[in-house]
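Residue-level structural notes
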Amino acid sequence: MEEKRKPLQGIRVIEFGQLIAGPFAGSLLAYFGAEVIKIEPPGKGDPIRGWRALENGTSFWWRSIGRNKKSVTLDLKQEEGAVLAKNLCRDADVLIENFRPGVMESWGLGPDVIKADNPNLIYARISGYGQDGPYSNKPGFASVCEGFSGFRYVNGHPGEAPVRPNLSIGDSIAGLHAAFGVVMALLGRERGQSEGQTVDVALYESMFNLMEAVVPEYSGAGIVREPSGTTVTGIVPTNTYRCEDGKYVVIGGNGDSIFRRLMSAVGRDDLANDPRMSDNAGRVECENEIDQVLADWCRSQRCEHVLQVLEKARVPSGPIYSVADMFNDSHYRARGMFERVEIDGRALEIPAMVPKLQTTPGGTEWPGGAVGAHTEDVLQKHLGLSASELDALRAKGTIS
């Protein structure tokens, strides 16, 4: 069978990002066939290699976010290292960086310099607050930018401190926006609509982009969306309920016909046919009453039974899964949501990336490798450096 071609084959990306936002964008492009050359500082490399749980000194996380990337070490604080990086960018299609605005310029690697030699380059910049504006030079951590975006404000329970997911979601969402922006810019270049261009992604703007009707509701009606615990303001019923066995289920019964089936399934035909609750506006007025009925019913049943009853009634519902639950679920397995790789002879499962493309799917060629594993190959192939030149660079600490 002929091997399926990946959609970004032939696209070369130079990734200068560290930690999450830039590297996640690079992972998406690498997964779908781009040649991603990741520039790392000599020695320990990207700090994420040492974050959270480790095996033999390397994080499990790195094996996922570093997949399909060629690791090249360059000390960009040395002029020679910065010049080598600049030379690598001369025939690249994309550059990704997620440093504070001005850092790349301080190394002589800003877009004006790089694009003077390569006007077709797509230069993707990820920062906390964007490349301009009064806050552009502030440190841009995801936790802070999620709050500034308005996202954190609507999370949590009324009267309590806003909560965050136990994930750096702002970084990942920014990485998604950056990858999307890169692909759009590449498409525009291919169609002759533009040469290269800069893609300016701010973490807070990426999260702001998820805020649904929050802005027009405030502008048009003066409504400030407040936190609503485990519910969603103005949509009833949709909530999370604790079952008899201590497990939780999510029930989304907010469609008119779905609501009627839901109430009948829990033995409340009176509410199923109550004219007060025939549409969403009425159900919002009766939210506490509806919520109490569902909470009491779930509390008296085991989780598995609750889900069986609701599935039979065609009511959208599901469990709250931990990663252990995901690993044991047949649907996750059937959809191929885990990819098995080998690290030093030991099997490891990492997430399979989405979306799934029918004729040009992505895939994992190799998990994240050692720091500088591709330095010699890349510098010899793309810059023509000799073995003696590489030895001299290594002696100066420019590469490792």
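First things first, this report covers the structure right here in the doc. (Residues numbered from 1 in each chain as written. Predicted model: local features only at pLDDT ≥ 70, side-chain atom pairs only at ≥ 80, totals over all residues. Heavy atoms only, no water.)

What to know about the side chain of Ser27
For clarity, the cut-off: Each helix is a run of H or I in the DSSP string that is no shorter than four residues. Each strand is a run of E no shorter than two, and both are numbered from the N terminus. Relative accessibility thresholds used throughout: buried, under 20% of the residue-type maximum; exposed, over 50%; partly exposed, between the two (1.4 Å probe, protein chains only). A 3.5 Å cut-off defines polar contacts: any pair of N or O atoms within that distance qualifies, except that in protein one atom must be a possible hydrogen donor and the other a possible acceptor, and neighbouring residues in sequence count only when both atoms are side-chain atoms.
Positionally, Ser27 belongs in helix H1 (residues 21–31). Its relative accessible area of 0% is what places Ser27 among the buried residues. One polar contact links Ser27 to Lys69, side chain to side chain, over a distance of 3.5 Å.

Quick notes on the nonpolar core
For clarity, the threshold we go by: Working definition of a nonpolar core: buried Ala, Val, Leu, Ile, Met, Phe, Trp, Tyr and Cys residues. They are joined through side-chain atoms within 4.5 Å. The contact criterion used is simple: two residues touch if any of their non-hydrogen atoms lie within 4.5 Å.
Core analysis: the biggest nonpolar cluster contains 31 residues, and Val13, Leu29, Val94, Ile96 and Ile126 have the highest contact counts within it. When contributions to this core are tallied by element, the ones reaching two or more residues are H1, strand S6 (94–97), strand S7 (122–127), helix H6 (142–148), helix H7 (169–190) and strand S8 (198–202). Ignoring anything within four residues of it in the chain, the contact list for Val13 reads Leu29, Ala34, Glu35, Val36, Ile37, Val94 and Ile96.

What to know about unusual backbone geometry
Residue Pro237 is bonded to the preceding Val236 through a cis peptide linkage, with omega at -5 degrees. Residue placement: Pro237 occurs in the loop between helix H9 (214–221) and strand S9 (238–242). Residue Pro355 follows Val354 across a cis peptide bond; omega there is 10 degrees. Backbone geometry places Arg52, a non-glycine residue, at a positive phi of 60 degrees.

Examining the pattern of salt bridges
For clarity, the cut-off: Should a side-chain nitrogen of Lys or Arg be within 4 Å of a carboxyl oxygen of Asp or Glu, the pair is scored as a salt bridge.
On inspection of all chains with the given rule, the structure shows 26 salt bridges. Across the pair Asp46 and Lys38 runs a salt bridge whose closest N-O atoms are separated by 2.9 Å. One exposure class covers both Asp46 and Lys38, and it is buried. Among the salt bridges present, the one from Arg394 reaches Asp391, with a minimum N-O distance of 3.2 Å. Taken together, the positions of Arg394 and Asp391, both in helix H18 (residues 387–395) and 3 residues apart, correspond to about one turn of that helix. By sharing partners, the salt bridges in this structure join Arg12, Glu35, Lys70 and Asp91 into a single network.

Some words on the layout of surface pockets
Selection rule: Throughout, the protein atoms alone are placed on a 1 Å grid, and a set of points is a cavity if a 1.4 Å probe fits but cannot get out or a pocket if it is open with protein on both sides within 12 Å along at least five of seven lines; lining residues have an atom within 4 Å of a point. Grid points are joined across faces, edges and corners, and a volume is the space filled by probe spheres set on the points. Ten residues, namely Ala, Val, Leu, Ile, Met, Phe, Trp, Tyr, Cys and Pro, are considered nonpolar, four, namely Asp, Glu, Lys and Arg, are considered charged, and the remaining ones, Gly among them, are considered polar.
There is about 1400 Å³ of room inside the largest pocket. Taken together, 38 residues form the lining of the largest pocket, with Phe24, Ser64, Arg67, Ser172 and Pro351 sitting closest to its centre. At the level of elements, H1, helix H2 (60–65), H7, helix H15 (323–327) and strand S13 (346–351) are the ones that each hand at least two residues to the lining of the largest pocket. Among the elements that make up the lining of the largest pocket, the one with the highest residue count is H7 (6 residues). Tallied by class, residues from the lining of the largest pocket come to 31 nonpolar, 4 polar and 3 charged.

Remarks on helix H17 (residues 375–383)
Keep this limit in mind: Our arc is simply the arc of the directions from the helix axis toward the C-beta atoms.
When we look at burial in H17, the residues that qualify are Thr375, Val378, Leu379 and His382. Considered in projection along H17, the buried side chains sweep an arc of 95 degrees and stay on one side of the axis. Across from the buried face of H17, at angles greater than 90 degrees, the exposed residues are Asp377 and Lys381. Looking at the packing, one finds that the buried side of H17 touches strand S1 (12–15), strand S2 (35–40), strand S5 (69–73), helix H3 (79–88) and H18. Directly after H17, the chain includes Gly384, whose backbone phi takes a positive value near 70 degrees.

Side note on the sheet that holds S9
The following threshold applies: Strands were regarded as paired on the criterion that DSSP finds at least two bridges between them. Between N-to-C directions, angles span 0 to 180 degrees; the directions come from axes that are lines fitted to C-alpha atoms, helices contributing only their stretch in contact.
Spatially, the 3 strands line up as an open sheet ordered S9-S10-S11, and their pairing is antiparallel. Unpaired on one side and paired on the other, S9 and strand S11 (317–319) mark the two borders of the sheet. Shown here is a sheet whose adjacent strand axes are inclined to one another by a mean of 20 degrees, direction ignored. By the bridge criterion, 5 bridges tie S9 to strand S10 (residues 248–252) in an arrangement that is antiparallel. Residue pairing in the sheet places Thr238 in a bridge with Gly252 of S10. Packed on one face of the sheet, helix H13 (residues 287–299) meets S9 and S10 and runs near 35 degrees to S9.

A look at the packing of aromatic side chains
Definition in use: Stacked, edge-to-face and tilted labels apply to pairs of Phe, Tyr and Trp rings (six-membered ring for Trp) whose centres lie within 6.5 Å, assigned for plane angles under 30 degrees, over 60, and everything in between, in that order. Either the NZ atom of lysine or the CZ atom of arginine qualifies as a charge over a ring when it sits within 6 Å of the ring centre and within 35 degrees of the ring normal.
Taken as a whole and assessed by the stated rule, the structure comprises 11 aromatic pairs. On the numbers, 5.2 Å between centres and 80 degrees between planes, the contact of Tyr31 with Phe32 is edge-to-face. We note Arg283 situated over the ring of Phe259; from NZ or CZ to the ring centre the distance is 5.1 Å.

A few points about empty space enclosed by the protein
Under the counting rule described, the total for this entry stands at 2 cavities of 30 Å³ or more. Quantified by volume, the largest cavity comes out at close to 50 Å³. Within the lining of the largest cavity, the residues separate by chemical class into 5 nonpolar, 3 polar and 2 charged. Considered as a void within the structure, the second largest cavity measures approximately 40 Å³ in volume. Looking at the second largest cavity, the residues that line it are Glu55, Thr58, Ser59, Phe60, Arg63, Ile343 and Leu348. Taken together, the residues that form the lining of the second largest cavity break down as 3 nonpolar, 2 polar and 2 charged.

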